[in-house]
Amino acid sequence: MKEGCLFDLDGTLVDSLKDLANATNEVLRSHGYPIHDITAYNQFVGNGVRKLLQRALPKENLDCLEDCLKEFYDIYEKCCLENTMAYDGIKELIDELYDSGMKLAVVTNKPHHLAVKIVEHLFPGKFIVILGQQDLYPTKPSIESTLIALMTMKLKKESCYFIGDSNVDVQTGQNAEMDTIGVCWGFRGREELENEGATYVVESPMEIKEIINENRCK
């Protein structure tokens, strides 16, 4: 019986690409490095802020990574809600799942305090637990944060879905031996999700509800 959903954040619940790109480009610009078009950030994001900066920085300038990370956090914390919004249909989906009694969690590679800030602003009170990147555990696709979420929700892995937009999310769910739902509206698209072997791939939020309803009592 399916009783819970663990959601990725960026590219799954919220479109945050513009704010992430703007903050990163501001850091690059301040150092005199080339900036990137927003479309390039579809491939830069997904593995945490450190990896984002590593991908965005010129390879010959990675020695300034730590300084750039500090600058990014200062900039992004101020702008992380300027353009970030829930994807169409997501708020309705979360409300319906919550009202139906499904237990909900967020497991993301976004820094923890920023994940909490965004989720509580856009989806107040809907998620039992929000787990972002912390030094306490490695980033996805390692499963430590997923296991903590399951323990907090008091649910077994087989009773939950892991839902995300990238190969990292599918790998996380697979590593935790969970059914996975890949969402095509995020940063990576259907081909990556299918190639990674997602259990389901959906084009709209309400398809998630249909899958849950079909399998909830199995």
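Quick note: structure is the one above.
The present account deals with the structure reproduced in this document. Keep in mind it's a predicted model, so treat the numbers as computed, not measured.

Section: the pairing of strand β6 (residues 160–164)
Turning to step 1, where the next piece is worked out: Counting buried residues in β6 gives five out of five residues, a clear majority hidden from the surface.
Turning to step 2, where the next piece is worked out: Residues C160, F162 and G164 point to one face of β6 and Y161 and I163 to the other, with burial holding for every one of them.
Turning to step 3, where the next piece is worked out: In terms of strand pairing, strand β1 (residues 4–7) meets β6 through four bridges, oriented parallel. Across the sheet, residue C5 finds its bridge partner in β6, namely Y161.
Turning to step 4, where the next piece is worked out: Judged from the four bridges that link them, β6 and strand β7 (residues 179–183) form a sheet pairing that is parallel. Opposite F162, over in β7, you have T180 as the bridge partner.
Turning to step 5, where the next piece is worked out: Handedness of the crossover joining β6 and β7 through helix α8 (residues 167–175) is recorded here as right-handed.

Side note on helix α1 (residues 17–30)
Turning to step 1, where the next piece is worked out: Its 14 residues give α1 an end-to-end C-alpha distance of 20 Å, which sits within 8% of 20 Å, the value for a rise of 1.5 Å per residue.
Turning to step 2, where the next piece is worked out: Considered for burial, the residues of α1 that qualify are L17, D19, L20, A21, A23, T24, N25, V27 and L28.
Turning to step 3, where the next piece is worked out: Elements that come into contact with the buried residues of α1 comprise β2 (14–15), α2 (41–44), α3 (49–56), α4 (65–79) and β4 (103–111).
Turning to step 4, where the next piece is worked out: The first or second residue beyond α1 is G32, which carries a positive phi of 80°.

So, the environment of E196
Turning to step 1, where the next piece is worked out: Here E196 is to be found in helix α9 (residues 190–196).
Turning to step 2, where the next piece is worked out: The spacing of E196 and N167 is 29 residues in sequence and 5.9 Å in space, taken between C-alpha atoms.
Turning to step 3, where the next piece is worked out: Not counting chain neighbours up to four residues away, the residues in contact with E196 comprise N167, V170, Q171 and Q174.
Turning to step 4, where the next piece is worked out: Here Q171 takes part through its side chain, which lies 3.3 Å from a polar atom of the side chain of E196.

A short note on empty space enclosed by the protein
Turning to step 1, where the next piece is worked out: Scanning the model with the defined rule gives two cavities of 30 Å³ or more in all.
Turning to step 2, where the next piece is worked out: Of the pockets and cavities examined, the largest cavity occupies roughly 220 Å³.
Turning to step 3, where the next piece is worked out: Together, 20 residues line the largest cavity, and D10, V45, G46, N47 and G48 are the ones closest to its centre.
Turning to step 4, where the next piece is worked out: Those elements that provide at least two residues to the lining of the largest cavity are α3 and β4.
Turning to step 5, where the next piece is worked out: With four residues, the single largest contributor to the lining of the largest cavity is β4.
Turning to step 6, where the next piece is worked out: Approximately 30 Å³ is the volume found for the second largest cavity.
Turning to step 7, where the next piece is worked out: Around the second largest cavity, the lining residues are T108, N109, G132, Q133, Y137, P138, T139, K140 and S145.
Turning to step 8, where the next piece is worked out: Those elements that provide at least two residues to the lining of the second largest cavity are β4 and β5 (129–133).

Procedures and definitions
Residues numbered from 1 in each chain as written. Predicted model: local features only at pLDDT ≥ 70, side-chain atom pairs only at ≥ 80, totals over all residues. Heavy atoms only, no water. Buried < 20%, exposed > 50% of the residue type's maximum accessible area, 1.4 Å probe, protein only. Helix = DSSP H or I, 4+ residues; strand = E, 2+ residues; numbered from the N terminus. Pairing = 2+ DSSP bridges. Right-handed = clockwise from strand over helix to strand, strands pointing away. Expected span 1.5 Å × (residues − 1). Contact = heavy atoms within 4.5 Å. Polar contact = N/O pair within 3.5 Å; in protein donor to acceptor, adjacent residues only side chain to side chain. 1 Å grid on protein atoms, 1.4 Å probe; cavity = no way out; pocket = protein on both sides within 12 Å on 5 of 7 lines; lining within 4 Å. Points joined across faces, edges and corners; volume = space filled by probe spheres on them.

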